[in-house]
Amino acid sequence: QQHQGRAQRRQAGRGLQEESDVQLMEQEIVAEQRREQQLEQQVEAAEQRLHPGQQSRPFLLWLATTLMHSPFEEDRGFRADRRITPYKLLDEPATMLPGSDSLRERAQWGHPWGMSTKAMLVWLDDAFGQLLASLDERGLSDNTIIMFLNDHGVLAKGSLYDGGVRTPLAVWRKGGFPTNGVVSDASVSMVDVVPTLLDLANIPYDDEAFDGQSFAHVVRRDSLEEELPAQLRQEERVIYLEVGYSRGVVKGRYKYFAMRHPEWAQELTPDERQMILDKMLASRGNMPPPRMHATRESPFGNMCLVPGGCDAEYEGTQSHVQDYFAPDHLYDLSLDPDEQQNLVADPRYASVLADLKRELREVLKSLPGTFAEFTEET
């Protein structure tokens, strides 16, 4: 009887349930279309963290927006329904930021970027302005340091070329820092952010607990006569780089990086390589393939074990056509900032190559995992 009662209830409610399922599916589809562009909800959550009690104690607020990422279609991006969130459909849209029509109106400047890209820049600027206003309203502006940075470059994303690893970094506080227009050539890495923030906030810490070096001295430096700490000088510091199947170092004017794939991947049969390529292309749905020329014989990429590389590597494969898939790379960044001349085989740079390979081995010794011959016992 119990099972029969359940069956009757299911039958009686089937029509309503089917209608509800359709509505839920529509909501899920729409939410999926805008899942990467939740700027209003992010700003709202950030403002809730900036309560008046923060005036009496230190705080760290990290706003990890996905702008300027896809989707770039207007109806899926800045013009999408702002009631949509990843978890539900709101009764009313968030209104702390200007609407999509305002974004379009203010994005009318002469630049070859598409309208959606320019509108997203304005949208991001609105969010940043809203957070600054929130700090002011809560009396926190005078005692807050702001950093603006992103996770990677876009000109060669998914690789260790400068177009993938050079990123913007701005450090701001109300009234500015006493730099007096000094231009610094300090060598700075993303791993330096946390120790720098701790220094700027006068919070003691153990240097050995961090991979990075504080560059607080750089933003406080108001004279070229103030010598840079040795650990930040370009000619002395070794910057470690890593993505996917590549590891590298930058020291002074030179960059070296190596791409090594695991042995099992190198032993895949042609049919297995084709299966990997077909699976990647099938996952794109109606989107065009990232590389029309890729075949199962194409080499694997820097970031993905896919013949010809994966989507994230597309820009890099186009801007570094000749040597993108080479196992070893050496560049003189002062003479060749676009990294078009791979110097690995040039005998004039043999000593530079040997030195940077040694530096890479030393760095990898301190890190977990293995990387081909660089971590083998000699």
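My aim in this report is to walk through the structure given alongside it, one point at a time. (Residues numbered from 1 in each chain as written. Predicted model: local features only at pLDDT ≥ 70, side-chain atom pairs only at ≥ 80, totals over all residues. Heavy atoms only, no water.)

### Focus: the packing of aromatic side chains
Enumeration over the complete set of coordinates arrives at 9 aromatic pairs. Each ring, one from Tyr205 and one from Phe210, has its centre 5.5 Å from the other, and the planes form 85°; the classification is edge-to-face. Residue Tyr205 is classed as partly exposed on the basis of its relative accessible area of 25%. Its relative accessible area of 27% is what places Phe210 among the partly exposed residues. Through successive ring pairs, a cluster of aromatic residues spans Tyr161, Phe257, Tyr324, Phe325 and Tyr331. Stacked on the ring of Phe300, the Lys or Arg Arg273 has its end atom at 4.3 Å from the ring centre. (Phe/Tyr/Trp six-rings, centres within 6.5 Å; stacked < 30°, edge-to-face > 60°. Buried < 20%, exposed > 50% of the residue type's maximum accessible area, 1.4 Å probe, protein only. Lys NZ or Arg CZ within 6 Å of the ring centre and 35° of its normal.)

### Some details on the pairing of strand S3 (residues 238–243)
Here S3 shows a buried face lined by Ile239, Leu241 and Val243 and an unburied face lined by Val238, Tyr240 and Glu242. Strand direction decides the pairing type here: S3 and strand S4 (residues 246–251), joined by 6 bridges, are antiparallel. Along S4, the bridge assignment pairs Tyr240 with Val249. Between S3 and S4, which pair antiparallel and follow one another directly, the connecting turn spans 2 residues, one of which, Gly244, has a positive phi of 50°. (Helix = DSSP H or I, 4+ residues; strand = E, 2+ residues; numbered from the N terminus. Pairing = 2+ DSSP bridges.)

### Quick look at helix H12 (residues 350–365)
When the terminal C-alpha atoms of H12 are compared, their 23 Å separation across 16 residues agrees well with the 22 Å that a helix rising 1.5 Å per residue should span. Buried positions along H12 lie against S3, S4, strand S5 (254–259) and strand S6 (328–332). (Expected span 1.5 Å × (residues − 1). Contact = heavy atoms within 4.5 Å.)

### Structural notes on a nonpolar patch on the surface
Together, Leu149, Leu169, Val188 and Met190 give the surface a local cluster of nonpolar side chains, amounting to about 290 Å² of exposed area. Topologically, Leu169 is positioned in strand S2 (residues 169–173). Residue classification places Leu169 among the partly exposed positions, given a relative accessible area of 38%. (Patch = residues over 30% accessible without salt bridge, like charges linked within 9 Å, V, L, I, M, F, W, Y side chains within 5 Å. Areas by Shrake-Rupley, 256 points an atom, 1.4 Å probe, with all protein chains shown as cover. Salt bridge = Lys/Arg side-chain N within 4 Å of Asp/Glu carboxyl O.)

### Some words on the sheet that holds S3
With antiparallel pairing, 4 strands are arranged side by side in an open sheet as S3-S4-S5-S6. If you trace the sheet from one side to the other, it starts and ends with S3 and S6, each paired once. Ignoring strand direction, the axes of neighbouring strands in this sheet form an average angle of 15°. Alignment of S5 against S6, held across 5 bridges, turns out to be antiparallel. Residue pairing across strands places Lys255 opposite Tyr331, the latter belonging to S6. (Axes fitted to C-alpha atoms, helices over the stretch in contact; angles between N-to-C directions.)

### Re helix H5 (residues 115–137)
With 23 residues, H5 ought to run about 33 Å at 1.5 Å a step, and its terminal C-alpha atoms sit 33 Å apart, in line with that. One or two positions beyond H5, positive phi appears at Gly139, with a value near 70°.

### Things to note about the pattern of salt bridges
Counted under the stated rule, the structure contains 24 salt bridges. Linking Arg348 and Asp346 is a salt bridge whose minimum nitrogen-to-oxygen distance equals 2.7 Å. Its relative accessible area of 68% is what places Arg348 among the exposed residues. Residue Asp346 is classed as buried on the basis of its relative accessible area, which comes to 17%. In this structure, the salt-bridge partner of Glu359 is Arg358, at a minimum N-O distance of 3.5 Å.

### So, the environment of Asn143
Structurally, the position occupied by Asn143 is in the loop between H5 and strand S1 (145–149). A relative accessible area of 72% places Asn143 in the exposed class. In this structure, the C-alpha to C-alpha distance between Asn143 and Ala201, residues 58 residues apart in sequence, is 9.2 Å.

### Details of unusual backbone geometry
Of all residues except glycine, most have a negative phi; of all peptide bonds, most are trans. Cis rather than trans, the peptide bond between Leu67 and Met68 has omega equal to 20°. Looking at the element boundaries, Met68 is found in the loop between helix H3 (39–49) and helix H4 (100–106). A positive phi angle, near 60°, is found at Asn202, a position not held by glycine. Along the chain, Asn202 falls in the loop between helix H7 (193–200) and helix H8 (216–220).

### Quick notes on the packing of H3 against H5
The contact between H3 and H5 brings their axes to 10 Å, and the two run at 10°. Between H3 and H5, the angle is such that the two are roughly parallel. By crossing handedness, the relation of H3 to H5 is classed as right-handed. Seen from H3, the contacting residues are Leu39, Glu40, Val43, Ala46 and Glu47; seen from H5, they are Trp123, Leu124, Ala127, Gln130, Leu131 and Ser134. A breakdown of the residues in the contact of H3 with H5 according to their chemical character gives 7 nonpolar, 2 polar and 2 charged. (Parallel < 35°, antiparallel > 145°, perpendicular 65-115°, else oblique. Left-handed = near helix turned anticlockwise from the far one by under 90°. Nonpolar A, V, L, I, M, F, W, Y, C, P; charged D, E, K, R; others polar.)

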